[in-house]
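A look at the structure
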Amino acid sequence: MATPFKGVINTDIRDSTPDWEPFIPPKAPEGAPNVLIVLYDDTGLAAWSPYGGRIQMPTMQRLADNGLTYTQWHTTALCSPTRSCFLTGRNHHQNAMACITEASTGFPGSHGHIPPECGTLAEVMRQAGWSTFWLGKNHNVPVEETHAGASKSNWPLHQGWDRFYGFLGGETNNWYPTLVEDNRMIDQPYQPEEGYHLSKDLADNAIQMIRDLKVSAPSRPWLTWFCPGANHAPHHVATEWADKYKGQFDDGYEAYREWVLGRMVEKGVMPEGTELTPLNPMPEGTYSPNDDVRPWDSLSDEEKKLFARMAEVYAGFSEYTDHEVGRIVDYLEESAQLENTLILYCADNGASGEGSPNGSVNENLFFNGWPDSVEENLKHIDDLGSPSTYNHYPTGWAVAFSTPFKMFKRYSYAGGTCDPLVIHWPAGIEAKGEVRHQYHHATDIVPTILECCGLQFPSTLNGHEQVPLAGVSMRYSFDELDAPTAKKRQYYAMLGTRGIWDQGWKAVAVHGPLSGIGNYERDEWELFHLEEDRAEARDLAEQHPERLKELVELWFEEARRYDVLPLDDRSPAEILNDPRPQPDEPRNTYVYYPQTAEVPEVVAASTRGRSYKILADVEITSPDAEGVIFAHGSRFGGHALFLKDQKLWYVYNFLGLPPEQQFVSDRLEPGKYVLGMEFAKESTGERGEAHGTTKLYVDEDVVAEGPMRTQLAFFTLCGDGLCVGRDSGDAVSKEYTAPATFKGGTILQVEVSVGDDQYLDLEKEAHALLARE
């Protein structure tokens, strides 16, 4: 409702009194702090040096030495859900984020659209006088809205953020990211050979946003949410950073677990007597075999060498990103802002087990059901982390970096939920370098920030009545080492896994994610007394059956309260087949134009497993014309139509496996042409790939012809979308260097026509989808 005018209006302005009160910018409370949240991805409690881990994090250590290290802070066990808790301060099912956005199911707790009654921290702080900046990963925009033509109502700028610079999906190529600036898709500002890396780019932009604010409104505080691509796969970093860890993981993941637990006890992160849980702790038949760990002594020497290097690259990736965070912290210190900046440095879930028992140098092979052999991977051992690989370590390192707990990301055991959190605020915290053991959760972050800033969450926000915050503030613990935990209860639920913590006791259902087991009423539950067993190693269900029964009943009470039901442990194929809103009906012909944003694969013309045709109306005005006409995908899988050496080329890069499938014309003179290709599918291979014949056309003439195979599953689920007139990300073919912008002519349009003979393996696609968490 409009604010009533309180001035005086007469005929003559000289006799009138203006009222500027409704337009006076809001001012934050006197002395209110800036807020910087650094939220990593996929990091267990035992990875980083402040917690005893082998990965050196100088910036985080610096903050821990002058702040507080929390040992029992928890998340939802998955990306989108945890990030939604940071956004709103409510439980993930209240935010309709039961799972990642790509796996929404249309129920109140899982439709993937944050409801207006769960308003955001950023909106509250913006209206109270803060500037708000979000950099890096989002993964909270509904998947059907992650393209340029979508409504922007669920994008960051409509959720209280003044600025956004980052990526919308669950992951991105750190060398060639798919970037969004505010409400528009953009190409990366420069290339890896010019020094580009996403972590550096994000830090540059964070510093610039704060600088820009301070030169124009120096008294205005800010909220900055910094969400790097690290430590999510692909683990990308320059060789010199990975080489800092050469040999440090040669002893294997089981030896690391033994070593790091001792370090965690020494640092006071874990109490004396903490037990180490088994490497494969769950009974057979209660979880997916893809989550198994191969014992280190069962590996060949070559496998050990490869797996160790994968851990080195992950460690280098993590430390390099910490270095870039350090540049932000250094800027804050140099500009006298560090003293009154509340910094929270943390991670969104446990270490990732999506690498499978064998790891990978190109995840796309696994997601397309293609063998990923150690012999082939060893050829890339010196390339791991470079633009030439899309790598992920094996499950053994996920267990190691989640020591001493059971399992890892996606599970309701502490291996999936217990994460690092360091809080630094010199102006507001007297204690320095101390450890805190109070039990807390991601839902407690928003209440903590609000109390530190002198704010309360309003009962109504932008006209919508708000549901109460789910968490409690942690500020009481800042200067009270042994203060009792203020939190009383927290439920867990993820992809069929379940758990609940209540006043020091925790119950967990023995039921793995995506297991398809169902029959929840038959689940066995384990009971742990965390006051005496932080590792969740000793099941007390038989000794305390009444306490267990009480906790299970409490879980169902919380489930009803927070819209957790129905439970969903279905297979990936079943989840993928759920009908969801789509921006347009599927069609047979798609038309694309140059000088437009890349089109994400989820809404682009799908050539997978079917016949298709690409036709481009092109005028060549110069004999030196060159560049991309059409490109979709990357070096890890994709196809492109382009001009090079006065010839027309069509390249289909099948899963990055050499050699490229190339079709090349004779030289073309300047003139107007219809340039294109046609793939006629003839059969389906044993792994679902399509086989057929490709013809390259110049006008109506076939200028090259031959056999070709095409991929079954997506080229990519996040990034490297379809482009006309350039290749916006990682080059599809080694025959050109991205962006390879078309020059020496004009592209009028490109038409993609698809056949009705499509074969898809939905199981493989769904595994790919759900692994990109």
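Going by the structure above, here's the rest.
What counts, and at which threshold
Residues numbered from 1 in each chain as written. Predicted model: local features only at pLDDT ≥ 70, side-chain atom pairs only at ≥ 80, totals over all residues. Heavy atoms only, no water. Helix = DSSP H or I, 4+ residues; strand = E, 2+ residues; numbered from the N terminus. Rg over C-alpha atoms; globule rule 2.2 N^0.38 Å. Buried < 20%, exposed > 50% of the residue type's maximum accessible area, 1.4 Å probe, protein only. Contact = heavy atoms within 4.5 Å. Areas by Shrake-Rupley, 256 points an atom, 1.4 Å probe, with all protein chains shown as cover. Lys, Arg positive; Asp, Glu negative; His and termini not counted. Charge placed at Lys NZ, Arg CZ, Asp CG, Glu CD. Phe/Tyr/Trp six-rings, centres within 6.5 Å; stacked < 30°, edge-to-face > 60°. Lys NZ or Arg CZ within 6 Å of the ring centre and 35° of its normal. Salt bridge = Lys/Arg side-chain N within 4 Å of Asp/Glu carboxyl O. Polar contact = N/O pair within 3.5 Å; in protein donor to acceptor, adjacent residues only side chain to side chain. Axes fitted to C-alpha atoms, helices over the stretch in contact; angles between N-to-C directions. Parallel < 35°, antiparallel > 145°, perpendicular 65-115°, else oblique. Left-handed = near helix turned anticlockwise from the far one by under 90°. Nonpolar A, V, L, I, M, F, W, Y, C, P; charged D, E, K, R; others polar. Pairing = 2+ DSSP bridges. Core = buried A, V, L, I, M, F, W, Y, C linked by side-chain atoms within 4.5 Å. Patch = residues over 30% accessible without salt bridge, like charges linked within 9 Å, V, L, I, M, F, W, Y side chains within 5 Å.

Overview of the overall build of the chain
Each helix and strand counted, the chain has 15 helices and 28 strands in total. Its C-alpha atoms give the chain a radius of gyration of 27 Å, within 12% of the compact-globule value 28 Å for 773 residues. For the chain, the proportion of its 773 residues judged to be buried stands at 63%. A separation of at least 24 residues holds for 75% of the contacts in the chain among residues at least 6 apart in sequence. Here the chain has roughly 28500 Å² of accessible surface; of this, 49% comes from carbon and sulfur atoms. Here the chain holds 65 positive side-chain charges and 116 negative ones, and the gap between their average locations is 2 Å.

Quick word on unusual backbone geometry
In the segment running from L565 into P566, the intervening peptide bond is cis, with an omega of 0°. Inspection of the secondary structure puts P566 in the loop between α13 (545–561) and α14 (572–577). Backbone geometry places D42, a non-glycine residue, at a positive phi of 50°. The residue D42 is located in the loop between β1 (34–40) and α1 (58–65) in this model.

Thoughts on the packing of aromatic side chains
Tallying each qualifying case throughout the model produces 38 aromatic pairs. Judged by centre distance (4.9 Å) and plane angle (70°), the rings of Y314 and Y393 are edge-to-face. Taken together, the positions of Y314 in helix α7 (residues 301–334) and Y393 in the loop between α9 (374–378) and α10 (395–400) put the pair 79 residues apart, joining distant regions of the chain. Residues Y314 and Y393 agree in their burial class; the two are buried. Taken together, the ring pairs in this structure connect Y245, F249, Y253, Y256, W259, W296, Y314, Y393, W397 and F401 into an aromatic cluster. We note K506 situated over the ring of Y492; from NZ or CZ to the ring centre the distance is 5.0 Å. The ring of W649 has K644 lying over it, and the distance from NZ or CZ to the ring centre is 5.5 Å.

What about helix α12 (residues 445–453)?
Taking burial as the measure, the 9 residues of α12 include 8 buried ones, the bulk of the element. Every buried residue belonging to α12 is among I445, V446, P447, T448, I449, L450, C452 and C453, and all of these are buried.

Remarks on the side chain of E102
Note that E102 resides in the loop between α2 (79–88) and α3 (121–127). Comment: no salt bridge for buried E102; closest opposite-charge side chain is K137, at 8.4 Å. A polar contact is formed between the side chain of E102 and the side chain of T101, at a distance of 3.3 Å.

Here's the deal with the packing of helix α4 (residues 198–216) against α7
In contact at an axis separation of 9 Å, α4 and α7 are set at 15° when each is read in the N-to-C sense. Relative to α7, the element α4 is oriented roughly parallel. The crossing of α4 and α7 is right-handed. Residues S199, K200, A203, D204, A206, I207, I210, R211 and K214 of α4 form the contact with α7, whose participating residues are F317, Y320, T321, E324, R327, I328, Y331 and L332. Along the lines of polarity and charge, the residues of the contact of α4 with α7 split into 9 nonpolar, 2 polar and 6 charged.

Regarding the sheet that holds strand β19 (residues 612–620)
Sheets are built from strands that pair by backbone hydrogen bonding, the pairs being arranged parallel or antiparallel. Here 6 strands make up an open sheet; going across it, the order is β18-β28-β19-β24-β25-β26 and the pairing antiparallel. Each having just a single partner strand, β18 (589–592) and β26 (701–710) make up the two edges of the open sheet. On average, each strand axis in the sheet is inclined to that of its neighbour by 15°, with strand direction left out of account. In terms of strand pairing, β18 meets strand β28 (residues 745–754) through 4 bridges, oriented antiparallel. Counterpart to V591 in the pairing with β28 is E751.

Focus: the pattern of salt bridges
For the structure on display, the rule yields 44 salt bridges. Two residues, R489 and D502, come together in a salt bridge whose shortest N-O distance is 3.1 Å. You can see R489 sitting in strand β14 (residues 489–494) and its partner D502 sitting in strand β15 (residues 497–502), a full 13 residues away along the chain. Overall, the relative accessible area of 3% leaves D502 in the buried class. Members of the salt-bridge network, linked through shared partners, are R489, D502, R547, E550, E557, E558 and R561.

A closer look at the environment of E550
Mapped onto the secondary structure, E550 falls in helix α13. In sequence terms E550 and A507 are 43 residues apart; their C-alpha atoms lie 9.7 Å from each other.

Some details on the pairing of β14
Within β14, 5 of the 6 residues are buried, which leaves the element mostly enclosed by the surrounding structure. The pairing of β14 with β15 spans 6 bridges and is classified as antiparallel. Within the sheet, the bridge partner assigned to Y491 lies in β15 and is I500. With antiparallel pairing between neighbouring strands as the criterion, β14 and β15 make up a hairpin whose turn holds 2 residues, including L495 at a positive phi of roughly 55°.

What about the nonpolar core?
W48, I55, F226, Y345, W397 and F401 are the most contacted members of the largest nonpolar core, which totals 94 residues. Sequence-distant contacts of Y345, that is, excluding residues within four places in its chain, are made with V38, Y40, W48, M57, T59, M60, L63, D322, V325, P420, L421 and V422. Listed in part, the 51 residues of the second largest apolar core include I37, L39, C118 and V124.

Some details on a nonpolar patch on the surface
On the surface, W20, F23 and I24 cluster together into a nonpolar patch covering about 430 Å² of accessible area. Summarising the element assignment, I24 is placed in the segment before β1.

Points about the packing of α1 against α7
It is the contact of α1 with α7, at a shortest axis distance of 7 Å, that shows an interaxial angle of 50°. Looking at the two axes, α1 sits oblique to α7. Along its contact with α1, which presents P58, T59, M60, R62 and L63, the element α7 presents E319, D322, V325, G326, V329, D330 and E333.

As for the side chain of S49
Mapped onto the secondary structure, S49 falls in the loop between β1 and α1. Residue class for S49 comes out buried when judged on its relative accessible area of 6%. A distance of 3.0 Å separates a polar side-chain atom of S49 from the backbone nitrogen of M57. S49 has contacts with I55, Q56, M57, Q61 and K267, leaving out every residue within four places of it along the chain.

Here's the deal with α2
Among the 10 residues of α2, 10 are classified as buried, and the element is accordingly described as predominantly covered. Among the residues of α2, C79, S80, P81, T82, R83, S84, C85, F86, L87 and T88 are the ones counted as buried. Just beyond α2, the residue with positive phi is G89, at close to 80°.

What about the sheet that holds strand β21 (residues 637–644)?
Taken together, the 5 strands give an open sheet; going across it, the order is β23-β22-β21-β20-β27, and neighbouring strands pair in antiparallel fashion. Looking at strand neighbours, the two that pair on one side only are β23 (661–667) and β27 (723–724), the edges of this open sheet.

Observations regarding the environment of A486
Mapped onto the fold, A486 is located in the loop between β13 (464–465) and β14. For A486, a relative accessible area of 32% translates into the label partly exposed. Setting aside residues up to four positions removed in sequence, A486 forms contacts with V472 and Y476.

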